[in-house]
Amino acid sequence: MPSHPPYADVAVFAALPGLLTYRIPKALLDQASPGRRVVVPLGTRKARGIIIGRAGKPPAGIKPREILELWDAEPVLPEDLLELGAWISAYYFAPPGEVFRSMLPLQAETRERWTLQITRKGRERFETLSSQLVREGDRETEAQVLRILSKGSGVDAERLHRQVKGVTTPLLLKWDRAGLLESQREEVARKAREMAWYDLPSSPPPLPNRISPAAKRILEHLKDINAPVAQAVLLKSTRAKLSHLKQLQAEGLVLACDEPPTSGPKDGEEDPEVIEKLTPAQGKVFDRIESRLVENRFRVMLLHGVTGSGKTEIYLRSIQRVLAQGRSALMLVPEIALTPAVQMLFAARFPGVVALLHSGLRDRERQREWWRVRRGEARLVVGTRSAALAPVRDLGLVVVDEEHDASYKQQKEPRYHGRDVAIMRARRQGVPVLLGSATPALESYWNAEQGKYDLVELPERIAGRPMASVEVLDMRAEFKKTRSAAPISERLINELEVELNRKSQAMILVNRRGYAWFLLCRSCGRSEGCRNCSISLTYHRRDRRLMCHYCGYQSRVPKLCTSCGSEYLHFVGAGTERLMELLQSRFPEARIGRLDRDVAQRRDEYRRVLSRFKQGRLDLLVGTQMIAKGHDFPGLTLVGVVAADAALSFPDFRAAERVFQLLTQSAGRAGRAAEPGRVLIQTFYPEHYAVQTAARQDYRAFYEKEIRFRRMMHYPPFTALANLVLRHPIQEKATQLAARLGRYLGPLCEASSGLRLLGPGPAPLARLHNQYRMQFVLKAANRKVLNVVLGRLFGFLSAERWPRKTLVIDVDPVDLM
């Protein structure tokens, strides 16, 4: 038997249920180690994958195909991440290839240059082939390859693949072994395309008397962003041409930057405040956390601190302690909008060692940051859920801020939860985890109560600042009084006027983007719906289109009802666009900004808006839940919450928890500096316990009420949950498949102790992306029981030959919609 096993188990980057076994070419036996990416044949095409392990023999009855090429000079994933990826695949029942694809950069840092030369024997073979009148198949390919090699002193194999049809790596290896070719392999760095960045000079010259509107937009955009901006993004955001940019550069009004943007503070931008001394409460909490860091073993700590209590400083000092030991740290945040501020804060405290990882980065930026982490140049990684999979060396601490946030759960394959994956990674590597939130997830707080987690608390704001005062406005009474369906009450309008007159800042939260929720016909009662989804289209005034927020379908606004032909069409509800318009008309002198997912899609725009608001260059900010998460605005004294309680009517067991968290987090944005804050919550459910406890900012009272409901209804943390959604483009077929699956699962659940099955039935969103959806919910007394049933379900799907995408399996779902 050879010294190296001749087969490799490969996770191919495709939606396949398991690993595939491939034969390793003799020339690659010493190099094909676990963690290296490969190119392999898959059906009639080539695919990429990663070697997970070596095998001495293939599975019985399988004749493996051969690996075509290696893609990396060395393993890109260490053993601990290979094991973590395998755990994610098994726990979430996710295709292993999809898991490992999400863990990796898009390109290798280097590429293998395979140079080929023709030998004397090869020249003789070429002469023989040239004399043949008819050549077919491999012989014709061979002749073309030898012809090219005979004209050069060394040809890159990539050039042969491009120029000669039918050339494959196995063929080149075959001719190499036959002595027709001589080959040499070496690792060379990939050439990175240079990208121009532009910034404002620290001392710009005076503006010329005449300047074009496009040039003005460029200067205003750079001033708002207050950071270098890539050329392509700058031109697109300002609707300008390259000639405008070059003219400004010639006049010295903008500077071209060869280097990518730095993460530290810019000239003219204040350094983040350094707190010299912790408060007594912070000191007590940090002492407990530090004792765990000294032990240097796995333990989860839950930091429950009210908004503005100084949790971030605890994170900073904990990370500082770990870095001082020569180890590394992970810092997770839920939203991309939070990463620039967090990165700047951490980069100022730990210069030169911070890397930023999230899906909003360009491919080149993500590539660069990933490899900085892999090489050990960056020892602190700041990012969203995908950063939990970063190749951090010598990990010493994992911090998860706003650990309750649903954004940590990925809603497409692989459907992992970033917080839970981070905890499992820390457990496997034997390092502590620090979870932080003002409104912890019920499961996390329950684990703390049961002694699984250490609970540390910061019950008061720093410097003795009071919590914002909260007032609940009953919109039912408002309607009786005014007979108006205006989205903003007169009381809130009056309070906004007071704050604006005081030169203070205010924020309005409405958890609906767009202009209007939907377009309604007053004659027949029908709303304009998406042709692919069972959902009404949202009107976006900026684009003058009706849009689906699920599949992206768009249509023009009809002049007549498409159902009955009536002209009596009416926009219902108010989103961020309409609220901004109403406020601008009411307060024409106010500087008003908007931040929602539509704005954030325009690169750097969310950073521009947040920067302007924090610097006091905006008086009023309107936005969705993106503005309620973790931001610190010193000048903000009034927060108004509009229609955030609509989620209470959703058919989801987490609805009350989500509303409580959103209201409490929103209230926490106000009064974080010297001026006290006030919050006005508009609601049609003033008696609901989620609204009442949020108004008191009383987490414990909400927890005790909600945990009783969860226990009574057998929902997490008292059960393990899986949401199964069956999809098919034909409604009748979806119903038939659901009935077939129900006949299989029903007896299985009845025979299993501690297992309950809900369904089948139409999902709350019965049609998405032109797929009809039937839903099952599995409740198990523990994880082991659930895993056994899901494992058998996979066997059923394989036996029935159902396509992998027919059934979505969501383990530990954050919603059931």
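See the structure shown above.
Calculation criteria
- Residues numbered from 1 in each chain as written.
- Predicted model: local features only at pLDDT ≥ 70, side-chain atom pairs only at ≥ 80, totals over all residues.
- Heavy atoms only, no water.
- Pairing = 2+ DSSP bridges.
- Helix = DSSP H or I, 4+ residues; strand = E, 2+ residues; numbered from the N terminus.
- Axes fitted to C-alpha atoms, helices over the stretch in contact; angles between N-to-C directions.
- Contact = heavy atoms within 4.5 Å.
- Parallel < 35°, antiparallel > 145°, perpendicular 65-115°, else oblique.
- Left-handed = near helix turned anticlockwise from the far one by under 90°.
- Nonpolar A, V, L, I, M, F, W, Y, C, P; charged D, E, K, R; others polar.
- Salt bridge = Lys/Arg side-chain N within 4 Å of Asp/Glu carboxyl O.
- Buried < 20%, exposed > 50% of the residue type's maximum accessible area, 1.4 Å probe, protein only.

Describe the sheet that holds strand β14 (residues 354-357), listing the residues and the values that go with them.
A sheet is described by the order of its strands in space; here 7 strands give the open sequence β14-β15-β13-β16-β17-β12-β18, paired in parallel fashion. A single partner strand is all that each edge strand has here, and the edge strands are β14 and β18 (454-458). On average, each strand axis in the sheet is inclined to that of its neighbour by 20°, with strand direction left out of account. Pairing between strand β13 (residues 328-332) and strand β16 (residues 395-401): 5 bridges, direction parallel. The residue bridging Met 331 from the neighbouring strand is Val 399, located in β16. Those strands touched by helix α15 (residues 442-449) are β12 (300-305), β17 (433-437) and β18, and its axis lies near 115° from that of β12.

Can you explain the packing of helix α22 (residues 689-696) against helix α23 (residues 699-713)? Please cite residues and give values.
Helix-helix packing is described using two parameters, namely the angle between the two axes and the distance between the axes. Relative orientation of the contacting elements α22 and α23 amounts to 160°, with a least axis distance of 8 Å. With respect to their mutual orientation, α22 and α23 come out roughly antiparallel. Where α22 crosses over α23, the handedness of that crossing is left-handed. Contacts between α22 and α23 involve Tyr 689, Ala 690, Thr 693 and Arg 696 from the former and Ala 701, Phe 702, Lys 705 and Glu 706 from the latter. Grouping the constituent residues of the contact of α22 with α23 by class yields 4 nonpolar, 1 polar and 3 charged.

Explain the pattern of salt bridges residue by residue, including any values.
Under the counting rule described, the total for this entry stands at 46 salt bridges. For Glu 295, the salt bridge is made with Arg 297, and the minimal N-O distance between the two is 3.1 Å. A salt bridge links Glu 499 to Arg 678; its shortest N-O distance comes to 2.7 Å. Residue Glu 499 is located in helix α17 (residues 490-501), and its partner Arg 678 is located in strand β29 (residues 678-683); the two are separated by 179 residues in the primary sequence. Glu 499 sits in the buried class, given a relative accessible area of 3%. One salt-bridge network, held together by shared partners, links Glu 471, Arg 491, Glu 495, Glu 499, Arg 502, Glu 675 and Arg 678.

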